[in-house]
Amino acid sequence: MSRKVTAMLPYYTLSANAHRLALGAKSLANGPLIEIDPATYAEEVALKDAILAGDYPYYFQALPQSVASQWEALGLLLHDLCRHYPEDFSLAHVGEKWEWHNHRLGASWQFRYGDCSTLPWAPLDWIGRQVQEDLLLLDGSSAACPLTAGQLCFANRWSLEEKMGRSFLDIHAPVPGFGEQIGRSSNLLLERLKADRPVWRYNWSLVLGGELDLSTKMYDAVQARTPTVTVANCGALCFFRTERQTLARLPQTGAVLFTVHTYRTPLNTLACDPAWARRFLEIIDEVSPALLAYKGVAPVAAPLREYLATAAMGDAVG
């Protein structure tokens, strides 16, 4: 991808192993758990509020035993935001209270850490409304690492009601080859994850439309667009969707915080770079049929291949 496009759109470089199922976790080092995208921040946190208002139990769920880890996640993320975005966020301690200022939203809150009655929503839900990421908590005291809490507004083909309480491995059962190929390495990653050594990875898929909420109940309506995809409109209708995911161990409760920041852009924005179009076409040829279907490519494979072949030659794309 050209340097200009790469700078404009993070996580769209097609790596050497983009064609295969791989964990690909890397050390986060001193990087942020949360990423603020200034161009879309206000819009996306407002969208979260609207989504949660429309069907709260579908988009936020928490088991009773998760309260302590929710508070710990809240504290970790507030400090992470202040450290990496001091111009946007600030935190002060006023007696027994914490005073939080979100300068991007022009809003402030006071609450007592650990006292749920001092927040308008559950701790994980409250901090989730400050960030663009989906936030999930896994019980690190169990080898199975079951999901115990989540604010999930921008899911891609799944929902909390399907996964709450299930093990990490069971949650990923629909991913072709997950258990056989990377199930063991994923469990080892969670077992060995240290509080001072968070990691990150990225994931990609192709979707029909730019909606962020592609949860289970929304997905069928989006997929209904499949018959309308042609070579002529493929670049505008298809969106390349990537997720920046981080995993961090919470030192006090031992829970694992999993964050997902979703980015998406029309395919034609990326395919204007012939090298990117050529590489994506190569990946489609290399991906297994099952994974191709899971990534959302299979339903539009025919027009997509022709579209990318034309773009790879440097011809104008729509």
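Going by the structure above, here's the rest.
Residues numbered from 1 in each chain as written. Predicted model: local features only at pLDDT ≥ 70, side-chain atom pairs only at ≥ 80, totals over all residues. Heavy atoms only, no water.

Draft legend 1. Spatial organisation of the overall build of the protein. Along its length, the protein carries 14 helices and 10 strands. Scaling as 2.2 N^0.38, a compact globule of 318 residues should have a C-alpha radius of gyration of about 20 Å, and the protein matches this with 20 Å. Expressed along its principal axes, the backbone C-alpha trace of the protein runs to roughly 65 × 45 × 35 Å. When each of the 318 residues of the protein is scored for burial, the buried share is 49%. Long-range contacts, defined here as pairs at least 24 residues apart, represent 69% of the contacts in the protein between residues at least 6 apart. When the accessible surface of the protein is split by element, carbon and sulfur atoms take 56% of a total near 13,700 Å². If you average the places of the 28 positive and of the 33 negative side-chain charges in the protein, the two averages end up 5 Å apart. (Helix = DSSP H or I, 4+ residues; strand = E, 2+ residues; numbered from the N terminus. Rg over C-alpha atoms; globule rule 2.2 N^0.38 Å. Buried < 20%, exposed > 50% of the residue type's maximum accessible area, 1.4 Å probe, protein only. Contact = heavy atoms within 4.5 Å. Areas by Shrake-Rupley, 256 points an atom, 1.4 Å probe, with all protein chains shown as cover. Lys, Arg positive; Asp, Glu negative; His and termini not counted. Charge placed at Lys NZ, Arg CZ, Asp CG, Glu CD.)

Draft legend 2. Geometry of the pairing of strand β3 (residues 89-94). One ladder, built from 6 bridges, connects β3 with strand β4 (residues 97-102); its direction is antiparallel. Within β4, the position partnered with Val-94 by the bridge is Lys-97. Connecting the antiparallel pair β3 and β4 is a turn made up of 2 residues, with Gly-95 showing a positive phi of about 65°. (Pairing = 2+ DSSP bridges.)

Draft legend 3. Local environment of the packing of aromatic side chains. Overall, the coordinates contain 15 aromatic pairs when judged by the stated rule. Here the aromatic rings of Tyr-41 and Phe-89 are separated by 6.4 Å at their centres, their planes lie at 75°, and the arrangement is edge-to-face. Here the residue Tyr-41 occupies a position in helix α2 (residues 41-54), and Phe-89 occupies one in strand β3, the gap between them amounting to 48 residues. Classification of Phe-89 by relative accessible area gives buried; the value is 1%. Note on Tyr-58 and Tyr-59: the rings are 4.9 Å apart at their centroids and 80° apart in plane angle, and the pair reads as edge-to-face. Exposure class is identical for Tyr-58 and Tyr-59. Each is buried. Linked through ring pairs, Trp-71, Trp-98, Trp-109, Phe-111, Tyr-113 and Trp-126 together constitute an aromatic cluster. One residue, Arg-129, lies across the ring of Trp-121, its end atom 3.8 Å from the ring centre. A cation sits over an aromatic face here: Lys-217 above Tyr-58, 4.6 Å from the ring centre. (Phe/Tyr/Trp six-rings, centres within 6.5 Å; stacked < 30°, edge-to-face > 60°. Lys NZ or Arg CZ within 6 Å of the ring centre and 35° of its normal.)

Draft legend 4. Quick peek at the nonpolar core. Core analysis: the biggest nonpolar cluster contains 39 residues, and Leu-81, Phe-111 and Ile-127 have the highest contact counts within it. Among the elements that make up this core, the one with the highest residue count is helix α4 (residues 67-84) (7 residues). When neighbours within four sequence positions are excluded, Ile-127 is seen to be in contact with Leu-74, Leu-77, Leu-78, Leu-81 and Leu-135. (Core = buried A, V, L, I, M, F, W, Y, C linked by side-chain atoms within 4.5 Å.)

Draft legend 5. Structural view of the sheet that holds β4. Sheet architecture is open: 3 strands sit in the order β3-β4-β5, paired in antiparallel fashion. Edge positions in the open sheet fall to β3 and β5 (107-112), since each of these has one partner strand only. Ignoring strand direction, the axes of neighbouring strands in this sheet form an average angle of 20°. Two elements, β4 and β5, share 6 bridges in a ladder whose sense is antiparallel. From the neighbouring strand, Glu-99 faces β5, where its bridge partner is Gln-110. (Axes fitted to C-alpha atoms, helices over the stretch in contact; angles between N-to-C directions.)

Draft legend 6. Structural view of the environment of Ala-46. Structurally, Ala-46 is set in helix α2. Along the chain, Ala-46 and Ala-68 lie 22 residues apart, while their C-alpha atoms are 27 Å from each other.

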